[in-house]
Each structure stands twice: as C-alpha cells, then as structure tokens.
Amino acid sequence: MAMRATAPSFQTPSLSLSSKLPLSPAFSLSFRPRNRRVLFLVSASLDAKPTVLVAEKLGEAGLKLLKDFANVDCSYNLTSEELCTKISLCDALIVRSGTKVSRDVFESSAGRLKVVGRAGVGIDNVDLAAATEFGCLVVNAPTANTVAAAEHGIALLAAMARNVAQADASVKAGKWQRNKYVGVSLVGKTLAVMGFGKVGSEVARRAKGLGMHVIAHDPYAPADRARAIGVELVGFEEAISTADFISLHMPLTPATNKVLNDETFAKMKKGVRIVNVARGGVIDEEALVRALDAGIVAQAALDVFTEEPPSKDSKLILHEQVTATPHLGASTMEAQEGVAIEIAEAVVGALRGELAATAVNAPMVPAEVLTELKPFVDLAEKLGRLAVQLVAGGSGVKTVKVTYASARAPDDLDTRLLRAMITKGLIEPISSVFVNLVNADFTAKQRGLRITEERVILDGSPESPLEFIQVQIANVESRFASAISDSGEIKVEGKVKDGIPHLTKVGSFEVDVSLEGSIILCRQVDQPGMIGKVGSVLGEENVNVSFMSVGRIAPRKQAVMAIGVDEQPSKESLKKIGEIPAVEEFVFLKL
C-alpha cells in the first residue's frame, strides 16, 4: 500500500448538536464551524430565566453571581425523593459532597437538567455515566482550595514535628511533660513532595521558606517550574528512600491506590514522618500502623482517611504517634468563598452554552460518528496508557506526537475525540482529572503537555476511517529501552483488527498483540524455547495468556516478545521471567 505524507490538516465537520444537547424551552443552541473554530451560539427568550437549585450551603459571593443570571432556589437537606420531585423544574443543580446525584435524579429531570455543579473537587456522589447519557454536563471547582490545602499541609507538618496536638492534650489533662514531647527541627531536613501539582508546589514553596531541602516526584511536573522554586525532581524510589518528611499530594487512582504499603515503607529512611492532605486511599492504613509500631515511620499527620469518618476504635487514629484532623484541607472562610465563586462561574458559563474547562464528563457525540470511531477510540486511549507507562519515573512528559494513517480526505475524519482519548490515556493514570472531549486540550495545556497531530494519507479504500494510530513521546527516558525508536522517542503503534484494538509496534519492533487485559514486554536473545519458558512461568501461577507475539531484528538476534495476559502476575512470577538468562529486559503494563 503506497503512502504519501501530507502536512497536518484538521477540520471540524459541520455537525448539528442541537438534538443531542437537550435545552429547556427558554434556550436554543446552534453549532457553526467558522474558520476552523467552533462557535456555540445560545439564545434565550427575554421573559424566562434558567432555574438553579442549590442543594447545599454555598458562599454568598457565589449565590450573588448565580442570582444575577438565574432564578436561584436554595433548598438544603432534601431527601432523595424531594430532590427528584424538584429537579424537573430546574436547569442546573449545585451540590457539595453530601447530596447524591443518582440516575433517578437525571431520569426525574426529564431532560431539562443541563448542568450539575459540584462545589469541590471530588465527584464520587454524581453518576457521571447517567449524566452523560442524559446530555447533562458535570462541572467541579478544582482550584479554589489550593492555598488552603497547602497551608493545612504545612500546619500538620509543623504540628507533627513539635508534638503540638499530643502536648496540648497532655497539658489539658493536668500534666507537664516537657521531656516527653521533645520534637525535631524542620530546617535542613529533606521533604519529599509526592505529587507536584497546584497544592504540592505551594507546599514546596512554603517548606523552602522554612529552610527545608525539597525534592519532588511527579511524572508531569515541568522541570522549569520545579527549578524556579528550587525543587529537585526525582524518581519515586529515590524520593521515599531519602526523605526525612514525606508530604502526599497525589490523586487517588488505580496507580496510586495504597502506593504507600509494607513494601514502600520498608524502603524509607527509618524515622521518616508522613503528612497526608490528599486522599486517604493512597496509604495502606494497616501497613502504616505496622510501620509506626516498628519505628520505620516515626510520626504521621493525617487529614484524610480511607473511610470517613474513621471508626472510633481505629488503631491508626488512636495511635500516639498520629496527629489527625477531620478533612479540613479546604476548610477556610476564604477557600469556601473561592469554591462558591468558581462553581457559580462554571455553572453560569454552562447555562450560556460555553464548554467549561472544569467539565468532568463528555457531551453527547453524534451516534453515527461514535459508532464508526468506537474501536479506534478504545485503541487511542490504550496507546496513551501504554506510552505513559513506558516513561521512566522522574521523566517529564512534555511533547507527544500522534500520527493517523488514513485513506480518507482530511475533512472526512474528525480526530478531536481520538486526540482526547489519547490525552485521557496519558494523563488519567496518575491524575484525579477526568479527561474527555470537553476538557482534553485544556487539561493537556494546563500540565504543559504539547500534543501535535500528523496525517499520513494512504492510497486505498476509505471504507475504514483509519489504518493505524501511532503515539510518540519525545525527550524522556524509558522503563523499557526497546520502546525507543531509531529517532529517539518512545513509540507505540496500533491497529483495529476485527473490531479489537491491537498493539502492532513497540519502538522499532513489529509485534501483534490484542490490547485486552494487560501486557508483558520482554526483550530477549532470539533463540528456541523462549515462548515456552515464559509461558511455563505464567502457567505455574495460573495466569492465562491471551496473545503472544515476537518481533525480531534478524534470526538469532534481539527480539521483543509481547504477551497479553488476563490476570496480573505476581511479583515473584515477574521476577522469574526477568531471571531467564536470555531475557535482557522486561516490563509489565496494565491496561
């Protein structure tokens, strides 16, 4: 099949969204492409205002913004039945964490509800799938509490170091135990900031002001921003093994769930002190109790817990070396007002028809477009997930190039959804952000991630929208050296075969493995029996192999074996694979 390269050319098709985004009778929405920019035009009848239901207490500044634009109904402490009754008369709903916005709410709205605003970061109490299905945008307020959370982190850091909470309780109990509560100094100590986003970087600034040496771990942290603050970016293991204090600011994702556990505690410097104002689930709480009892962790200061509120007999809460607060990270008057303003602005913008940057779900996609692109959407996200997992810890992902190969004309293939899914795969595994068509470009830009697109025009039938998708990450180190292409970038490439996404290239090696379950990549000396040896190790643990493919440079030279597995192998099994003499390197990648 002949190929000819063309300059990037991307156009937005003329799609009507008015039938896919239901509005109240007072509103109409039109969609017009103009000079490669998309315009969303909203008109409202002069005699009708939208109605916003505020179901939990919101700051006055936010309420004022809402009242200037809409009719506002402040009804607090509604039961589920009362909420479902009211919602059919509302265009927008604002909640905090105490109100559950279930599928029943969206069904009861009968299509009128256009936006749900969550006054805060987490959206666990909102049924996102139902919101998207009913064409309702969900927005949150992720930035207003940044300073408050950072200040609380520093407050816990200092209180822990000087035993403030314990000493206070002792004095109030009529004791005077000066010798018992001798603390440690912060100046000159090493603080590891785990997660160098908005809150983490603000904690770092303040810790530098206290005379601490600050290091940080975050795959997406811009090196120039870290240098400007005077912070050194390091890998995960270096961070936890060299720090005197560890401050957690990472989101709770499958990759970070219980990331501090028995294994990671064992790698820490004895006497380390830990602060957590992020998410409770990033710490294995039972393992933390064991580490405290063993003296590996000298103290912990915790604002968040896996279960909130924690049980009254919690060994962690009752531990003498633990300082605990009831999720106060955002609890300042200033932060509460900031959250109110941020969510009010997002809701008003959505009611005006604007695509909010803080949206956490995707708008409805035309059915015919989604049907055709569905397998490629899945392929795009999985290629992004594979590519980012190949990046070595400490490497900052900044430049990504996506190449689409297609026989279609440039104006006959809308790649916005594919680009959004690649962005989702790159960012979501280590972020609390929900990436979709609405916020993908904004989210990438916010993290300093530059994604460029190229089109390779193929000669042939345009029946299929795409022949392959290729993702390249430049200027990074790789956990799997063979994934580096001849031009120096991490490169993965995939195709859709019989409706199923397949990985077809890693670096310069051709492979063919279904992107279902997870993948083990091995670089090996090409010799007889290798497939059997690796398969035997996995078979002993009852790990089912779904696909296996070998790509090689030449017979008896180097080869890359890609193995699809249905279950995650144990660390012992992976270690046995690495100990096979002909295996030069390997990596496990979770999809």
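A quick note: this is a predicted structure, and the numbers were derived from the prediction, not measured. (Residues numbered from 1 in each chain as written. Predicted model: local features only at pLDDT ≥ 70, side-chain atom pairs only at ≥ 80, totals over all residues. Heavy atoms only, no water.)

A.B. asks: Talk me through the overall build of the protein chain; I want residue IDs and the actual numbers.
C.D. replies: The secondary structure content of the protein chain amounts to 18 helices and 25 strands. Out of the 591 residues belonging to the protein chain, those deemed buried represent 51%. When contacts within the protein chain are restricted to residue pairs at least 6 apart in sequence, long-range pairs at least 24 apart make up 66% of them. (Helix = DSSP H or I, 4+ residues; strand = E, 2+ residues; numbered from the N terminus. Buried < 20%, exposed > 50% of the residue type's maximum accessible area, 1.4 Å probe, protein only. Contact = heavy atoms within 4.5 Å.)

A.B. asks: Could you give an account of the sheet that holds strand E9 (residues 190-194), naming the residues involved and the relevant values?
C.D. replies: Strands sit in the order E11-E10-E9-E12-E13-E14-E15 across an open sheet of seven strands; the sheet is parallel. Looking along the sheet, the strands with just one partner apiece sit at the ends: strand E11 (232-233) and strand E15 (322-324). Bridge analysis of strand E10 (residues 213-217) against E11 gives two bridges, and the strand direction is parallel. By the bridge assignment for E11, Ile215 is matched with Glu232. Against the sheet, helix H11 (residues 285-294) contacts strand E14 (297-302) and E15, and its axis sits at roughly 140° relative to E14. (Pairing = 2+ DSSP bridges. Axes fitted to C-alpha atoms, helices over the stretch in contact; angles between N-to-C directions.)

A.B. asks: Lay out helix H15 (residues 416-427) with the relevant residues and their values.
C.D. replies: Its twelve residues give H15 an end-to-end C-alpha distance of 16 Å, which sits within 8% of 16 Å, the value for a rise of 1.5 Å per residue. In terms of residue burial, H15 counts as a mostly covered element, since eleven of its twelve residues are buried. Listed as buried for H15 are Leu417, Leu418, Arg419, Ala420, Met421, Ile422, Thr423, Lys424, Gly425, Leu426 and Ile427. (Expected span 1.5 Å × (residues − 1).)

A.B. asks: So what about the sheet that holds strand E25 (residues 583-590)? Which residues, and what values?
C.D. replies: As a general point, the strands of a sheet are linked pairwise by backbone hydrogen bonds and lie either parallel or antiparallel. Ordered in space as E23-E24-E22-E25, the four strands form an open sheet in which the pairing is antiparallel. In the strand order of this sheet, the two ends are held by strand E23 (545-552) and E25, each with one partner. Taking the axes of each pair of neighbouring strands and ignoring which way they run, one obtains an average angle of 15° across the sheet. Pairing between strand E22 (residues 518-525) and strand E24 (residues 558-565): eight bridges, direction antiparallel. Bridged to Val525 within E24 is Gln558. Of the strands in this sheet, E22, E23, E24 and E25 touch helix H17 (residues 530-540), which is tilted by about 30° from E24.

A.B. asks: Before we move on, could you go through the packing of helix H1 (residues 60-67) against helix H13 (residues 333-351) and cite the residues and values that matter?
C.D. replies: Two elements in contact, H1 and H13, have axes whose closest approach is 7 Å; the angle formed by their N-to-C orientations is 20°. Here H1 lies roughly parallel to H13, going by the angle between them. For H1 against H13, the interelement crossing comes out right-handed. Side by side, H1 and H13 meet where Glu60, Ala61, Gly62, Leu65 and Leu66 of the first sit next to Glu337, Ala340, Ile341, Ala344, Glu345, Val347 and Val348 of the second. (Parallel < 35°, antiparallel > 145°, perpendicular 65-115°, else oblique. Left-handed = near helix turned anticlockwise from the far one by under 90°.)

A.B. asks: With reference to specific residues and values, describe the pairing of strand E20 (residues 500-506).
C.D. replies: Within E20, six of the seven residues are buried, which leaves it mostly tucked inside the rest of the structure. Here strand E19 (residues 490-497) hands over to E20 after two residues, with Asp498 in that stretch at a positive phi of 55°. Pairing geometry for E20 and strand E21 (residues 509-514), over four bridges, is antiparallel. Looking across to E21, one finds that Lys505 is bridged to Glu510. Joining the antiparallel neighbours E20 and E21 is a turn of two residues, in which Gly507 adopts a positive phi near 60°.

A.B. asks: Break down the nonpolar core for me, with residues and values.
C.D. replies: One finds Leu390, Val400, Leu426, Ile469, Ile473, Leu503 and Leu521 to be the most contacted residues of the largest nonpolar core, which totals 50 residues. Looking at which element gives the most residues to this core, the answer is helix H14 (residues 367-389), with nine residues. The residues contacting Ile473, other than those within four sequence positions of it, are Ala387, Val388, Val391, Val397, Thr399, Val400, Leu426, Glu489 and Ile490. In terms of nonpolar packing, the next biggest core, distinct from the first, is built from 29 residues, Phe265, Val282, Leu292 and Ala300 among them. (Core = buried A, V, L, I, M, F, W, Y, C linked by side-chain atoms within 4.5 Å.)

A.B. asks: Give me the lowdown on the environment of His502, citing residues and values where you can.
C.D. replies: By the element assignment, His502 lies in strand E20. Once the C-alpha coordinates of His502 and Leu515 are considered, the two residues, 13 residues apart in sequence, prove to be 5.2 Å apart. For His502, the side chain forms a polar contact with the main-chain oxygen of Ile500, separated by 3.0 Å. (Polar contact = N/O pair within 3.5 Å; in protein donor to acceptor, adjacent residues only side chain to side chain.)

A.B. asks: Break down the side chain of Ser482 for me, with residues and values.
C.D. replies: Residue position: Ser482 is located in the loop between strand E18 (468-474) and E19. Apart from residues no more than four positions distant in its own chain, Ser482 is found in contact with Val506, Gly507, Ser508, Phe509, Arg523, Val560 and Glu585.

A.B. asks: Just give me the short version of the packing of H17 against helix H18 (residues 571-579), but keep the residues and values in it.
C.D. replies: Two numbers describe how H17 lies on H18: the axes approach to 10 Å, and their chain directions differ by 165°. Comparing the axis directions of H17 and H18 gives the class roughly antiparallel. Read as a crossing pair, H17 and H18 show a hand that is right-handed. Across the interface between the two elements, Val534, Val537, Leu538 and Glu540 of H17 pack against Ser573, Lys576 and Ile577 of H18. When its residues are assigned to classes, the contact of H17 with H18 shows four nonpolar, one polar and two charged. (Nonpolar A, V, L, I, M, F, W, Y, C, P; charged D, E, K, R; others polar.)

Bear in mind that shape data such as this cannot, by itself, settle questions of function.
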